[in-house]
Amino acid sequence: MSDASSAPTTSTGAANPRDHRVSRRIGAIAESATLKVDAKAKALKAEGRPVIGFGAGEPDFPTPDYIVEAAVEACRDPRNHRYTPAGGLPELKKAIVAKTKRDSGLEIAANQVLVTNGGKQAIYAAFAAMIDPGDEVIVPAPYWTTYPESIQLAGGVTVEVLADETQDYKVTVEQLEAARTDRTKVLLFVSPSNPTGAIYSSDEIRAIGQWVEDHDLWVLTDEIYEHLVYDADDGSTTDTGSMPVLCPDLVDHCVIVNGVAKTYAMTGWRVGWMVGPVDLVKAATNLQSHATSNVANVSQRAAIAALEGDLSAVDEMKVAFDRRRKTIVSMLNEIDGVLCPMPGGAFYAYPSVKGLLGKEHGGRLIETSAELADYILDASEVAVVPGEAFGSPGYLRLSYALGDDDIAEGITRLQKLFS
């Protein structure tokens, strides 16, 4: 291989087009840290190693039977063997309109909905439609790994605002205002949060929404975990809500991202959606018409069954998740050097492990949470995701969307490792 100084050129003396193999835009994208950890854990399991993976945010329950049966029936219907509208089946859009009214109290129309290949595509499509190169998006940290990459792909600039465990992982209006510049266009808002499980109260949401309105900004709110909100410690219902409902003045400058993956244990079906102003949704639909065209029709038919059915299966899963969150938090807090707040929603624990850093473990000096995650996998065959992936070093994310026995075994291994 020749070095850069002797790189081949064309007959005209220009740089060889083949010399730069991957575009800078795509080359700058980092691999999803959560999927990377999950893939490594599954590969080790395939080798016969007893790895317990806390990496992926994926319910361990099967998709409810009535949804699967709707998909089986859809497979036999020739209508679903053909192209359908790029923006989504009319029947699914109608179901999303009804579901949005039922679950959050927001009234929308079908032309405000774009059905996407999972929530990730909805997030990218929304940012691509909302921001121009150089526009800034304020992103509270810890954040889900995909948000900054989607913003960067759209040409935007991520402005991180960190909230640690002393703030229950929730940013304040004062922090947001300190991060705002004349290039700020969008606030990303997530409640319940991935990776922390933090939930903003109705009053906190109203205050943030008023700040958005006062400064003529846009907001993208990710509501994928809306049904995984647990009761408060005293047994009362947690006081929270959807930002455009609590802040109706924002409706024309708000985009909602949602999907069936987490609520109905349908991660593999790849159905999400964005809801927003008609002009923005039309622009995002145009993008999708060239990028992927329609979402797989069978998956869309399954999503219709999910949204039109009752929430009994969802409630059963939520009971299990609630039990598991209490178990994992209690067990993690028994480890010296670990501090884990109780998450109010989603299915993630986000403990601070700063007390374990700067020390030797197993003969290795561990300085960072990334090094700690590697050590944990090597020494105890437990897969966790380091806080570096979420913009907050010094923490680990553990999904408790796996079986009770695996949770107990996995955290017991950590207790022994750091005893």
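What you see is a predicted model, and the numbers here were worked out from it, not measured in a lab. (Residues numbered from 1 in each chain as written. Predicted model: local features only at pLDDT ≥ 70, side-chain atom pairs only at ≥ 80, totals over all residues. Heavy atoms only, no water.)

Our next topic: unusual backbone geometry. The linkage connecting alanine 141 with the following residue, proline 142, adopts the cis geometry, with an omega of 5°. Note on placement: proline 142 falls in the loop between strand S3 (136-141) and helix H6 (146-153). With an omega of -5°, the peptide bond between serine 191 and proline 192 qualifies as cis. Its place among the elements puts proline 192 in the loop between strand S5 (184-190) and helix H8 (202-214). (Helix = DSSP H or I, 4+ residues; strand = E, 2+ residues; numbered from the N terminus.)

Next up on the list: the sheet that holds strand S8 (residues 272-275). If you walk across this open sheet you meet the 7 strands as S2-S8-S7-S6-S5-S3-S4, and the pairing is mixed. Either end of the sheet is taken by a strand with one partner, and the two such strands are strand S2 (113-116) and strand S4 (157-162). For this sheet the average axis-to-axis angle between neighbouring strands, irrespective of direction, equals 20°. Inspection of the sheet shows S2 paired to S8 by 4 bridges, in the antiparallel sense. Note on S8: the bridge partner recorded for valine 115 is tryptophan 273. Running at roughly 115° to S2, helix H4 (residues 90-104) makes contact with S2, strand S7 (254-259) and S8 of the sheet. Where helix H5 (residues 118-130) meets the sheet, it contacts S2, S3, S5, strand S6 (218-222), S7 and S8, and its direction lies at approximately 180° from that of S6. (Pairing = 2+ DSSP bridges. Axes fitted to C-alpha atoms, helices over the stretch in contact; angles between N-to-C directions. Contact = heavy atoms within 4.5 Å.)

There is a patch of like negative charges on the surface, built from Glu367, Glu371, Asp374 and Glu388. Positionally, aspartate 374 belongs in helix H13 (residues 369-380). Assessed through its relative accessible area of 43%, aspartate 374 is described here as partly exposed. (Patch = residues over 30% accessible without salt bridge, like charges linked within 9 Å, V, L, I, M, F, W, Y side chains within 5 Å. Areas by Shrake-Rupley, 256 points an atom, 1.4 Å probe, with all protein chains shown as cover. Salt bridge = Lys/Arg side-chain N within 4 Å of Asp/Glu carboxyl O. Lys, Arg positive; Asp, Glu negative; His and termini not counted. Charge placed at Lys NZ, Arg CZ, Asp CG, Glu CD. Buried < 20%, exposed > 50% of the residue type's maximum accessible area, 1.4 Å probe, protein only.)

Here we come to the sheet that holds strand S9 (residues 348-349). The strand order across the open sheet built from 3 strands is S9-S14-S13, with neighbouring strands paired in antiparallel fashion. Each end of this open sheet is capped by a strand with a single partner; those strands are S9 and strand S13 (385-386). The pairing of S13 with strand S14 (residues 396-399) spans 2 bridges and is classified as antiparallel. Residue pairing across strands places proline 386 opposite leucine 396, the latter belonging to S14.

Before going further, it helps to examine the side chain of threonine 221. Positionally, threonine 221 belongs in strand S6. For threonine 221, the contacting residues outside a window of four places in its chain are Phe189, Pro244, Cys254, Val255, Ile256 and Val257.

You can see tyrosine 143 is positioned in the loop between S3 and H6. Taking relative accessible area as the criterion, tyrosine 143 reaches 9% and is therefore assigned buried. Once the C-alpha coordinates of tyrosine 143 and serine 193 are considered, the two residues, 50 residues apart in sequence, prove to be 7.9 Å apart. When sequence neighbours within four positions are dropped, the list of residues in contact with tyrosine 143 reads Pro148, Glu160, Asn194, Pro195, Ala389, Phe390 and Gly391. Within the structure, the side chain of tyrosine 143 is placed 3.1 Å from the side chain of glutamate 160, a separation counted as a polar contact. (Polar contact = N/O pair within 3.5 Å; in protein donor to acceptor, adjacent residues only side chain to side chain.)

The next thing to look at is the packing of H5 against H6. Between H5 and H6, the least distance of the axes is 8 Å, while the angle of their chain directions is 40°. In this view, H5 runs oblique relative to H6, as classed from their interaxial angle. The two elements H5 and H6 cross, and the hand of that crossing is right-handed. Between H5 and H6, the residues in contact are Lys120, Ile123, Tyr124 and Phe127 and Thr146, Tyr147, Ser150, Ile151 and Leu153, respectively. Here the contact of H5 with H6 is composed, by residue class, of 6 nonpolar, 2 polar and 1 charged. (Parallel < 35°, antiparallel > 145°, perpendicular 65-115°, else oblique. Left-handed = near helix turned anticlockwise from the far one by under 90°. Nonpolar A, V, L, I, M, F, W, Y, C, P; charged D, E, K, R; others polar.)

Going residue by residue along S14, you find Leu396 and Leu398 tucked away on one face and Arg397 and Ser399 tucked away on the opposite face as well. As defined by bridge partners, S9 adjoins S14 across 2 bridges and the pair is classed as antiparallel. What sits directly across from tyrosine 348, in S14, is serine 399.

Here proline 62 is to be found in the loop between strand S1 (52-53) and helix H3 (65-75). Linking proline 62 and proline 244, residues 182 residues apart in sequence, is a C-alpha distance of 32 Å.

Attention shifts here to the packing of aromatic side chains. Under the defined criterion, the tally for this structure stands at 12 aromatic pairs. Residues tyrosine 350 and tyrosine 395 carry aromatic rings whose centres are separated by 5.2 Å and whose planes lie at 10° to one another, so their mutual orientation is stacked. Of this pair, tyrosine 350 sits in the loop between S9 and strand S10 (359-361) while tyrosine 395 sits in the loop between S13 and S14; the two residues are 45 residues apart in sequence, bridging distant segments of the chain. The same class applies to tyrosine 350 as to tyrosine 395, namely buried. Ring-pair connections join several aromatic residues into one group, and the members of that group are Phe61, Tyr225, Phe321, Phe347 and Tyr348. Lysine 170 extends its terminal NZ or CZ atom over the ring of tyrosine 200, reaching a point 5.9 Å from the ring centre. (Phe/Tyr/Trp six-rings, centres within 6.5 Å; stacked < 30°, edge-to-face > 60°. Lys NZ or Arg CZ within 6 Å of the ring centre and 35° of its normal.)

Looking at the protein, the pLDDT average stands at 94 and 97% of residues meet or exceed 70. Overall, residues 1-5 carries pLDDT values under 50, and its contacts beyond four positions in sequence, including any with other chains, amount to 2 contacts. (pLDDT = per-residue confidence, 0-100.)

In this section: the state of the cysteines. For the coordinates displayed, the defined rule picks out 0 disulfides. Looking at the unpaired cysteine 254, the closest cysteine sulfur is the one in cysteine 247, lying at 8.7 Å. (Disulfide = S-S within 2.5 Å.)

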